[in-house]
Amino acid sequence: MWKKNFLFRAHEAAPLKESENELFHDAEPALDSAGLQMEKFLSVWVQGEGEDDSPSMYTNIYVRTATLDFRTRAGFLQPLQGRSHQIKQMLTPEQKGFLREWLSKASPQAWEESDDHFRTLFDIE
């Protein structure tokens, strides 16, 4: 199985260099939000068939919101959402555009082999 994570600040078009795992791995669950300065993120997981570096087809996408206080390393990760209407609402048009371009250029074959339902998730309405 091939998988890739894109971690965006909530309203930015380009993802961070760090993945969700890298940024949130050592974060403690926040028990109380008092005094925290939370930054909002959107974590996008794309899955497909193929090997680690070479997908042959994209099959699924999951999105979740997250918040992190860099000072205290406390954060919240929400459950993954995989329904089409949720994904379309959560991603900004710029994020959809970035993901569509990255996925289609990273592996044109995987993009072409993906079903129409997957590709339409990245349509800008």
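The structure reproduced in this document is the subject of the present report. (Residues numbered from 1 in each chain as written. Predicted model: local features only at pLDDT ≥ 70, side-chain atom pairs only at ≥ 80, totals over all residues. Heavy atoms only, no water.)

This part takes up the overall build of the chain. When you go through the chain residue by residue, the secondary structure sums to 5 helices and 5 strands. In the chain, the succession of α and β elements from N to C terminus is β-α-β-β-β-β-α-α-α-α. Here the chain has a C-alpha radius of gyration of 15 Å; the compact-globule value for 125 residues is 14 Å, and the two agree. Looking at the chain residue by residue over its 125 residues, the buried ones come to 39%. Element-wise, carbon and sulfur atoms account for 47% of the exposed surface of the chain, whose accessible area totals about 7,500 Å². Taken as two groups, the 14 positive and 21 negative side-chain charges of the chain have centres that lie 4 Å from each other. (Helix = DSSP H or I, 4+ residues; strand = E, 2+ residues; numbered from the N terminus. Rg over C-alpha atoms; globule rule 2.2 N^0.38 Å. Buried < 20%, exposed > 50% of the residue type's maximum accessible area, 1.4 Å probe, protein only. Areas by Shrake-Rupley, 256 points an atom, 1.4 Å probe, with all protein chains shown as cover. Lys, Arg positive; Asp, Glu negative; His and termini not counted. Charge placed at Lys NZ, Arg CZ, Asp CG, Glu CD.)

This part takes up the pattern of salt bridges. If you walk through the whole model with that rule in mind, you get 6 salt bridges. For Arg 100, the salt bridge identified is with Asp 123, shortest N-O distance 3.2 Å. Here the residue Arg 100 occupies a position in helix α3 (residues 93–106), and Asp 123 occupies one in the segment after α5 (116–120), the gap between them amounting to 23 residues. Residue classification places Arg 100 among the partly exposed positions, given a relative accessible area of 32%. Relative accessible area serves as the criterion here: at 32%, Asp 123 is assigned to the partly exposed category. (Salt bridge = Lys/Arg side-chain N within 4 Å of Asp/Glu carboxyl O.)

As a further point, take the pairing of strand β3 (residues 39–51). Relative to β3, strand β1 (residues 2–9) is paired through 8 bridges, and the arrangement is antiparallel. When the bridges of β3 are listed, Asn 5 appears paired with Trp 45. What sits between β3 and strand β4 (residues 54–69) in their antiparallel hairpin is a turn of 2 residues. (Pairing = 2+ DSSP bridges.)

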